[in-house]
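Residues per chain, in single letters:
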Amino acid sequence: FILKSKFFLSGLCFTFSFLTRYDAFLALPGILILIIYSLKKSQQDKIKKFYNLSVFFSIVLLGVLLSSLYDYIRFNRVFAPSLLCITPMIFSYPLHLGIATFLFSPARSLFIYNPVLLLAIFYMRAFYLRNKPLALAFCLTVLTYILFFSRVARSCYSNFGWGPRFIFIAIPLILISLGELLKSL
């Protein structure tokens, strides 16, 4: 029964995304909106809803604990080494400069390297009116990523790559609202 649960599968997918990149936890507020909406819409009793929620979080917690155990055994630290290189720089960069860099700078702009996103923003309202929880989850996830990485100094001006590699998750989430344009054609 548990293996057929969408909460088990979503917890498993979220855990794998965390194991791939630690910053996947920034998507958790958007995922929680979808989970809460799904449970609220469900006709199940409160015990079943709590069970589904606990299945999701127990899978995520198990994945985090296993990853932490592996990092401790291998590096003698928890969440090592990828978080250790970014920890001293967290929240050391001015927020307004980071947002300007990610959204409007010539080297890292989300809109210069993906100009179709400007069109997608105009259809976000129509997407919100059609599917409120999904639109809220997408907007919250994009906002969380942009705000977090705007405060990390190294993420704005690192490496020699072009475009916003740290907030690439925002691109498909914003582009989904263009479905409203295609639907109106």
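Summary of the structure given here. What you see is a predicted model; the values in this text were computed from it and never measured.

## Observations regarding the overall build of the protein
Then comes step 1: A count of helical and extended segments in the protein gives 10 helices and zero strands.
Then comes step 2: Listing every helix and strand of the protein by position from the N terminus yields α-α-α-α-α-α-α-α-α-α.
Then comes step 3: Within the span of the protein, comprising 185 residues, buried residues form 39% of the whole.
Then comes step 4: When contacts within the protein are restricted to residue pairs at least 6 apart in sequence, those whose partners lie at least 24 apart make up 71%.
Then comes step 5: For the protein, the accessible surface area stands at approximately 11400 Å², while carbon and sulfur atoms represent 73% of it.

## Structural notes on the packing of helix α1 (residues 6–20) against helix α3 (residues 46–75)
Then comes step 1: Taken N-terminus to C-terminus, the directions of α1 and α3 make an angle of 25 degrees; their axes are 8 Å apart at the nearest point. Looking at the two axes, α1 sits roughly parallel to α3. Our pair here, α1 against α3, has a crossing hand that is right-handed. Across from Phe 7, Phe 8, Ser 10, Gly 11, Leu 12, Phe 14, Thr 15, Phe 18 and Leu 19 in α1, the residues of α3 making contact are Asn 52, Val 55, Phe 56, Ile 59, Val 60, Gly 63, Val 64 and Ser 67.
Then comes step 2: Broken down by class, the residue content of the contact of α1 with α3 amounts to 11 nonpolar, six polar and no charged.

## Describing the packing of aromatic side chains
Then comes step 1: Scanning all chains against the criterion turns up eight aromatic pairs.
Then comes step 2: Measuring from ring centre to ring centre gives 5.1 Å for Phe 56 and Phe 57, while their planes differ by 80 degrees; the resulting arrangement is edge-to-face.
Then comes step 3: Residue classification places Phe 57 among the partly exposed residues on the basis of a relative accessible area of 35%.
Then comes step 4: Members of the aromatic cluster, joined through ring pairs, are Phe 14, Phe 18, Phe 25, Phe 56 and Phe 57.

## Concerning the pattern of salt bridges
Pairing is possible between side chains that carry opposite charge, provided their charged atoms lie close to one another.
Then comes step 1: If you walk through the whole model with that rule in mind, you get two salt bridges.
Then comes step 2: Among the ionic pairs, Asp 23 bridges to Arg 21, the shortest N-O distance being 2.7 Å.
Then comes step 3: What makes Arg 21 partly exposed here is its relative accessible area of 33%.

## Considerations on the nonpolar core
Then comes step 1: Residues Leu 110, Leu 117, Val 142, Tyr 145, Phe 149, Ile 167 and Ile 174 are the most contacted members of the largest nonpolar core, which totals 24 residues.
Then comes step 2: For this core, the secondary-structure elements that each account for two or more residues are α4 (95–104), α5 (116–122), α6 (124–130), α7 (132–151) and α9 (170–175).
Then comes step 3: A total of six residues in this core trace back to one element, the largest contributor, which is α7.
Then comes step 4: When near neighbours in sequence (up to four residues on either side) are disregarded, Tyr 145 contacts Asp 23, Ala 24, Leu 26, Ala 27, Phe 166, Ile 167 and Ile 169.
Then comes step 5: If you look at the next biggest cluster of nonpolar residues, it comprises 10 residues, including Phe 7, Phe 18, Leu 28 and Val 64.

Calculation rules
Residues numbered from 1 in each chain as written. Predicted model: local features only at pLDDT ≥ 70, side-chain atom pairs only at ≥ 80, totals over all residues. Heavy atoms only, no water. Helix = DSSP H or I, 4+ residues; strand = E, 2+ residues; numbered from the N terminus. Buried < 20%, exposed > 50% of the residue type's maximum accessible area, 1.4 Å probe, protein only. Contact = heavy atoms within 4.5 Å. Areas by Shrake-Rupley, 256 points an atom, 1.4 Å probe, with all protein chains shown as cover. Axes fitted to C-alpha atoms, helices over the stretch in contact; angles between N-to-C directions. Parallel < 35°, antiparallel > 145°, perpendicular 65-115°, else oblique. Left-handed = near helix turned anticlockwise from the far one by under 90°. Nonpolar A, V, L, I, M, F, W, Y, C, P; charged D, E, K, R; others polar. Phe/Tyr/Trp six-rings, centres within 6.5 Å; stacked < 30°, edge-to-face > 60°. Salt bridge = Lys/Arg side-chain N within 4 Å of Asp/Glu carboxyl O. Core = buried A, V, L, I, M, F, W, Y, C linked by side-chain atoms within 4.5 Å.

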